[in-house]
Amino acid sequence: MEKYNPQEIESKWQKIWEEQKLFKTPEDINSENKFYILPQLPYPSGSGLHVGHAEVYTACDIYARYQRMTGKKVLQVIGWDSFGLPAENYAIKTNVHPAKSTETAVNNFRSQIKSLGISVDWDREVGSHNPDYYKWTQWFFLLFYKRGLAYRKKQSVNWCDSCKTVLANDQVKEGHCERCDTLIIQKEMEQWYIKITDYAERLLNDIDKLDWPEETKKRQKDWIGKSEGAEVDFRLQTSDHNQEKKITVFTTRPDTLFGATYMVLAPEHAVVRSLKSEVQNWDEVEKYIEATSKKTELDRQVQKEKTGVELKGIKAINPVKNEEIPIFVADYVLATYGTGAIMAVPAHDERDFEFAKKYNLPIKDVVVQHCGGFDKSAKHRDSAAAVVFKDDKVLVLFNKKFNIYRLPSGGMERGETVEDTVQRELREEAGYTDYEVVDDLGMIESNFYAVDKNIQWNKLQRVLKLKLLSDKKTDTAFESYEDYEANWLAPDEAIEKLKTYNGSEEIFIRRALEKTGRLFSGEGTAINSNFLDGLSTQEAKEKMIQWLEEKGIGKRKVQYKLRDWSVSRQRFWGAPIPMLFNEERKNRKYNYVFIHGYLATGNNDFRPWLKKELEQLGHAVFSPDLPHNDKPNVVEWAEYILNNTTIDENTVIVAHSLGGPVAFRILEKLKNKIAKLILVDTVLRPDFPDKKRPDVEASDSFEFDFEKIKSSSDEFVVIADCDYKTIKKEHLEEMQKLLDARLVKARPNDRHFNGKIEPSVLEESIVTGLKPVSESDLPVLLPDDVDFKPTGQSPLTYSEDFQKGVEKRYGKGWHREPDTLDTFMCSSWYYYRYLDPKNDQQFASPEALKKWMPVDFYLGGPEHVNGHLLYSRFFTKVLYDAGYIDFSAQGGSDLVGDEPFKVHRHQGLILGPDNRKMSKRWGNVINPTDVVNEFGADTMRMYEMFMGPLEEDKPWDTNGVRGIRRFLDKVWNLQEKVIEAEAKSNSLTTLVHQTIKKVGEDVAALKFNTAIAALMQFTNVLLKEEKISKVGYTVLIKLLSPFAPHMSEELWYRLGNKDTVTTQPWPVYDPELTKENTVTLAIQINGKLRDTITVSTDISEEDAKVEALRSGKVIKWLEGKEPKKVIYVKGKLISIVV
RNA sequence: GCCGACGUGGCGGAAUUGGUAUACGCGCGUGCCUUAGGAGCACGUUCCGAAAGGAUUGUGGGUUCGAGUCCCACCGUCGGCACCA
């Protein structure tokens, strides 16, 4: 018999599999038997496959092969995340075109993966750099744009000056570029953003429904970072009395509003610049803003000492107290979170406390920590106490009469200050007079029974920290002085002693020891807060929000940490953003025509506000009262407008409600185009939203020629409120589709009321000089004439090919957006493309989506938790909302309809033999191809799975690889021992069935390491046999085949089979035959193992106990004593208690 | 600083609901075979001890007849977040 020669048999079987198309995706599938296995999309790097890749593909492959053998119809594909920076950086260095180097890398990856024997359907391979792929990436961008989920905005971004591009937040690691480790700086740029924040709540809520690792789910939740609170408006007191200005802050603690003693703005806050003329120390402020803008991400993180500068000459008004408070600019407030402004409550917020201490700002307690119960009948009392230090000892008084320890303290008499009371009590109880006040430790409310006074107190205690300057005592002897004994104790000891009294005093000692002193940021009871006094923090929050909403100076607000996703990249090797620009149109001043709705009055009348806003931007506005507003007639209104103003290509029509149909009538009659039509809560038919409007209905037919209307405007925008409260979602979508319009949605909580459209919505709606490439013109191809030299400008800016024909196609002045999309856009939807990779009409057909989604098993790295995984979920939810998908009926009814990955797991990191992360720097990189060449692919596969649990990090061990090879050699050599006869040995039959059970269960649970151990155990037993049965050996080969498919095929073939082992059914075990007929019971005496006995499996409890007590060792250990208790655990042990 | 995960032989790791701790592999030791072996085979291998026996799952405590597993406190390693109001 020849020796095991993996190189030979592996290529042989890989060829056969490929020829027979064994892993072609099955067609005859249903929701019961389909199984979609997804290994994460690799970036095809020039340095080839990494052992980590091999781990992912092998694990998925073993699982896939196992699932096929159990009868599942498996879909497994591999593709390439083939756009991206490294290929471009390589091009800059070597002048090799990225398309070329990518092709080489992909070929290399593909052949390496094939050499591992991974069973994927290669006919479905995709690469994100191929035009027929990125066509659909661009299509997704347009989908977002049309649904109002893509917008352009100028703001400060993460800039990598080495890669010369912008990075998303999750691509910045510790202030450095994830790719090249360059320090990230902040730069103001106009960029495309995706409004993932609109989906924050759904992304958060649906996580719990997924079978993902718990810590992963938690990390994603934390990244989304929901917090609930309120927005509060603070009026400004400035020298310019004509203009009323206000600043809105976000707070999670509206209950502490009475304690807001100053206000802080982020340096980038827009309002700061607008206050230039009123701020007395503008030079200083400007200098500060400039200094902070130069700070890098890292500086901000490392240097945490708080800095800031006051805006002198202006004040804010605390709205609950009508009190003037100072305003600061400080970079501890982030421009990108909340409103970029905060109310500072130093007594109850650590950061504000720190800042207030540094700049000597007032600290006002409005929440007290509460100790003890909530006994309503308790007697209230204000009291004061002192934590007195002498060196590092604390003064604790011992009351001899009642045997209790206390701090010097007592009730505050009428008119006394805290200092007065403390001074008096310290004299009376301990006699000390010579001290200084070091710190104010704030207040605590404690509800307790005082033994010395026989009373239930509810005490509000104020406490000062004192330093004793000398032991000098008063001459006067007080009565109470006799009762107390002064002890100087170490703080630990003091805390211990004080526990016997009321629980609050030990907290004061703790506060005295900490730098933060009186700061209390927990929940408690409101004080000094007028109508909130006495309420718990939760109650006070609610009441304050109600109060703010009633007064119209604030509202409930949910805030997320998640930011919108920046997707513009100033690079070449990515999917071009399919948008067009027109500078002239962008800067042009337009004639706005506003068509109001039915009964436009009061809160429903946008005209004055809109006129002001638009005129400020330099546009002309025509917003007339239309005739017979109480009995409107669409035709009459349309004519009125046509007769009273000019409608031409310079016109933007804004139509509210019933104004919409009026606008439609106007557009139907136009010979020329207008620039834009903006529809605000517009009705398509008269029965909107719920009630009939006979007066309107009578006036017109409400049949429109939408073809004509569509051709009469360059652009259409439909504005919707966030929750579709005003106009129903399906009606809005109908209109959006009819007009191919862009839908601009307000953010949560925003409604079009009070005579205003939400300003951010208006801003987004009136943008001009921007339009999407028509879907029929996709893909926007990457040109070839590109200079890669990084200039900070997108390389596409300089390409002539790229802009060629654009003006001819779209009109004069239009040109293409030169930025490309973040590659995460490409990888957010690839698992859909696998389902229908050649479709040139859709990203995937509805049938394919219905058949295969959702993904049944997704394996990928934990580094993608807050990037790829979140983006993919977001893509899926948008598709769901747009009506493309709904998985709720597919792959299990427990699933949500808009989640792509049902089960997700992470692979652990494979470390170098030195236990460090593999890297060229350490010279500890293991190349999978080397391993395959030396030991064979089957050894490589099995070793990686045997190293340890899939999800854990584990170091490489070359000797361990040899061990696996030895194992495979043994399995190979076993073929010599095979005989046709049935196995005689009973115990062997039991082992066969036990092994089938164990391996099957472990593989199903992805516990590949223990499955392999079981195979080894089985093999070790077979090795000891003189001859082994063909049946038993066949089982071994089948069980081994997902792990070592090549060798299993060869052995299967050598047993005389003409088909493949890959297509065999998974062996079935007989539960009866897995049972042993004898069992070894442990005998414990007082919990310690003393003996074991072997008994029949079906022994009765009585017999087992008798048997155990008869054991010689037991008799010896019992020493004649009677056992108190004998516990029997079936099949496990007998525990004897003496 | 906050959050999370994890601590088991010389090493990677195993141990349903609490039930014989150290499966499987590596390494190591002894022997066999061999001109030789970094090949193969056999036996052994948690630690201390010649043995009887004892100790042992990061440390300390608790619950239990019984704890690697559950509870509390602490220590250590790794990962994530990092002024998020």
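Please read these numbers as outputs of a predicted model, since none were measured by experiment.

(A) Region of interest: a nonpolar patch on the surface. On the surface, Phe402, Tyr449 and Val451 cluster together into a nonpolar patch covering about 260 Å² of accessible area. One can find valine 451 in the loop between strand E19 (435-450) and strand E20 (455-468).

(B) Here's a closer look at the sheet that holds strand E33 (residues 770-772). One open sheet accounts for 3 strands, arranged E33-E26-E34; its pairing is antiparallel. In this open sheet, the two edge strands, each paired with only one partner strand, are E33 and strand E34 (815-816). As paired elements, strand E26 (residues 579-581) and E34 share 2 bridges and run antiparallel to each other. Of the residues in E34, the one forming a bridge with leucine 580 is arginine 816.

(C) Representation of helix H29 (residues 868-881) within the structure. The end-to-end C-alpha separation of H29 is 20 Å, in line with the 20 Å expected for 14 residues at 1.5 Å each. Summarising burial for H29: 13 of the 14 residues are buried, a large majority. Immediately beyond the C-terminal end of H29, within one or two residues, lies glycine 883, with a positive phi of roughly 85°.

(D) Here's a closer look at the sheet that holds strand E4 (residues 165-167). If you trace the 4 strands from one edge of the open sheet to the other, you get E4-E3-E7-E24, paired in antiparallel fashion. Because the sheet does not close on itself, it has two edges, and the strands there are E4 and strand E24 (565-566). Two strands pair when backbone bridges link them, and strand E3 (residues 150-160) and E4 are joined in this way by 3 bridges, in the antiparallel orientation. Residue pairing across strands places asparagine 158 opposite leucine 167, the latter belonging to E4. Its contacts with the sheet put helix H5 (residues 131-146) on E3 and strand E7 (184-194), and the angle it makes with E7 is roughly 80°.

(E) View of the side chain of serine 1135. Here serine 1135 is to be found in strand E45 (residues 1133-1137). Given the relative accessible area of 12%, serine 1135 is considered buried.

(F) Structural context of helix H1 (residues 6-20). Taking 1.5 Å per residue as the helical rise, H1 with its 15 residues ought to reach 21 Å, and the 21 Å between its terminal C-alpha atoms agrees with that figure. Along H1, the positions that sit buried rather than exposed are Pro6, Ile9, Glu10, Trp13, Gln14 and Trp17. Relative to the axis of H1, the buried residues are bounded by an arc of 130° and lie together on one face. More than 90 degrees from the buried face of H1, the exposed residues found are Glu8, Lys15 and Glu19.

(G) Local environment of the environment of lysine 1007. You can see lysine 1007 is positioned in the loop between helix H33 (986-1004) and helix H34 (1008-1024). Assessed through its relative accessible area of 43%, lysine 1007 is described here as partly exposed.

(H) Just the packing of helix H35 (residues 1030-1040) against helix H36 (residues 1045-1054), in detail. The geometry of H35 relative to H36 is characterised by a closest axis approach of 8 Å and an angle of 150° between their N-to-C directions. Here H35 lies roughly antiparallel to H36, going by the angle between them. You can see that H35 and H36 cross each other, and the crossing is left-handed. Facing Tyr1033, Thr1034, Ile1037, Lys1038 and Leu1040 of H35, the residues of H36 in contact are Met1047, Ser1048, Leu1051 and Trp1052. Class assignment for the residues of the contact of H35 with H36 results in 6 nonpolar, 2 polar and 1 charged.

Analysis parameters
Residues numbered from 1 in each chain as written. Chains lettered and ligands numbered in written order. Predicted model: local features only at pLDDT ≥ 70, side-chain atom pairs only at ≥ 80, totals over all residues. Heavy atoms only, no water. Patch = residues over 30% accessible without salt bridge, like charges linked within 9 Å, V, L, I, M, F, W, Y side chains within 5 Å. Areas by Shrake-Rupley, 256 points an atom, 1.4 Å probe, with all protein chains shown as cover. Salt bridge = Lys/Arg side-chain N within 4 Å of Asp/Glu carboxyl O. Helix = DSSP H or I, 4+ residues; strand = E, 2+ residues; numbered from the N terminus. Pairing = 2+ DSSP bridges. Expected span 1.5 Å × (residues − 1). Buried < 20%, exposed > 50% of the residue type's maximum accessible area, 1.4 Å probe, protein only. Contact = heavy atoms within 4.5 Å. Axes fitted to C-alpha atoms, helices over the stretch in contact; angles between N-to-C directions. Arc of directions from axis to C-beta. Parallel < 35°, antiparallel > 145°, perpendicular 65-115°, else oblique. Left-handed = near helix turned anticlockwise from the far one by under 90°. Nonpolar A, V, L, I, M, F, W, Y, C, P; charged D, E, K, R; others polar.

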